[in-house]
Amino acid sequence: MRIAIVGAGAAGCFAAVNLKRMCPQADITIYEGGRKPLAKVAVTGGGRCNLTNSFARVRSLAAVYPRGERLMKRLLREFSHEDAYRWFESEGVRLVTQDDCCVFPQSQDAMEIVSTLTRLIRRNGIELRTGHRVTLIERTENGNGTSEFRVGFAGEAVPEAMADIVIVTAGGCPKASGLDMLRPLDVRTVSPVPSLFSVCLPGDPIRELTGTVVEDVSVSLTGSKMHADGPLLITHWGMSGPAILKLSSYAARTMAGNGYKATLSVNWTGGGNEADALETVTGLAVRNPQKQLASVYPPYLNARLWTHLLSRSGLNVSMRWAELGRKGMNRLVNTLTNSQYRIDGKNRFKDEFVTCGGVALEEINPQTLESKTCPGLYFAGEVLDVDAITGGFNLQAAWTMGYVVAKAISKIHLPSSTN
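Below, the structure is looked at part by part. (Residues numbered from 1 in each chain as written. Predicted model: local features only at pLDDT ≥ 70, side-chain atom pairs only at ≥ 80, totals over all residues. Heavy atoms only, no water.)

### Considering the packing of helix 9 (residues 274-287) against helix 11 (residues 326-338)
Line of reasoning, step 1. Two elements in contact, helix 9 and helix 11, have axes whose closest approach is 9 Å; the angle formed by their N-to-C orientations is 125°. One finds that helix 9 runs oblique with respect to helix 11. The crossing of helix 9 and helix 11 is right-handed. Judged by residue contacts, E274, A277, L278, V281, T282 and A285 of helix 9 engage M329, L332, V333, N334, L336 and T337 from helix 11.
Line of reasoning, step 2. Looking at side-chain class alone, the contact of helix 9 with helix 11 contains 8 nonpolar, 3 polar and 1 charged residues. (Axes fitted to C-alpha atoms, helices over the stretch in contact; angles between N-to-C directions. Helix = DSSP H or I, 4+ residues; strand = E, 2+ residues; numbered from the N terminus. Parallel < 35°, antiparallel > 145°, perpendicular 65-115°, else oblique. Left-handed = near helix turned anticlockwise from the far one by under 90°. Contact = heavy atoms within 4.5 Å. Nonpolar A, V, L, I, M, F, W, Y, C, P; charged D, E, K, R; others polar.)

Okay, structure coming up:
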């Protein structure tokens, strides 16, 4: 049985290793368009590889998988975050779980994950061909009533390949044209758009505070119900950090439809409301009546950001707290809980490019990830219309889907193998 895997990312490599273990007789070849396998894994988590999450703080899968939550709920029963943890530790990778529930290699080196998977690929006799960018997947009928897949590549020097089964794990595509390889198979797709990005705030003076981090804020898009919590980072182009990245994931299609123009609301107090902020500000005024506004501020802010927020409230930073009237206090409370910034554009989040969109979930069998209309064609990973917020959830989806596909193929197409 000839099996072609399109894409040497997390899902493709994980599917290959597990399938070869389940079906030693399978002839598996991974085709990768780039020069190196697992290139995205090597940079994820800032080069440390946030390979999964403990899910301890996940109240709902919809909160971490904005698209594909129902599918992931089913698939995680087959191969969970705990299974992934045990799988990598059984291969000698010691793991640590941080206070934020993110799971990393103890070495804090993403290359340990890369080398583990590439070593297993070599050890199991799986062929890996880099520099093979797939441009066409086509089903051909044989004269004896059987069929096979023809896989075409970019460049005349690279001969086409034939396969009995194809697993597409090509990852997220920045443009819809990245899925053109599937056109001969009439697979319905959802136009891809970026789903993890920071936001640009052109001309806003807050950009002068580059490098400032506030550990607990709440952000939202005005006029919508989408919001996110967590740390926020001020950058020279605007804002980033976990809170912004989560919001960008939830609002991926909305933002794309608006040309990445929107109004961002920031609650600098985190989960606090106006009453909480008023209590905080009143306390500062009562305890420090003769001090200047700029000299005393809430502990969750620093001096530079506090000065910025005072100016944004239209207050003189040299004013004494005893001089702050009711109107001034109300303006300051509003700024603390509802500072508004005009978004105009996005900025890619490092090299961890994630998209929403891809192969429509209605096209696949949710138990096996096999195409409903083209038997023998499977999908796994971000090529499907499934994506997650930051925190190890995207890689967990890749491990889970890769494993589920391997198991399905071993049972359906190679039933004589030992599972």
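Past the structure itself, the notes keep going.
### Some points on the pattern of salt bridges
Line of reasoning, step 1. Inspection of the entire model under this criterion finds 15 salt bridges.
Line of reasoning, step 2. Residue E382 pairs with K40 through a salt bridge whose shortest N-O separation is 2.9 Å. Taken together, the residues E382 in the loop between strand 20 (377-379) and helix 12 (393-412) and K40 in helix 2 (residues 39-43) connect sequence positions 342 residues apart.
Line of reasoning, step 3. Judged by its relative accessible area of 14%, E382 is buried.
Line of reasoning, step 4. In this structure, the salt-bridge partner of D204 is R312, at a minimum N-O distance of 3.1 Å. In this pair, D204 sits in the loop between strand 12 (197-200) and strand 13 (213-221) while R312 sits in helix 10 (residues 303-312), placing the two residues 108 residues apart along the sequence.
Line of reasoning, step 5. The exposure class assigned to D204 is buried, which follows from its relative accessible area of 13%.
Line of reasoning, step 6. A network of salt bridges, in which partner residues are shared, links R2, E148 and D164. (Salt bridge = Lys/Arg side-chain N within 4 Å of Asp/Glu carboxyl O. Buried < 20%, exposed > 50% of the residue type's maximum accessible area, 1.4 Å probe, protein only.)

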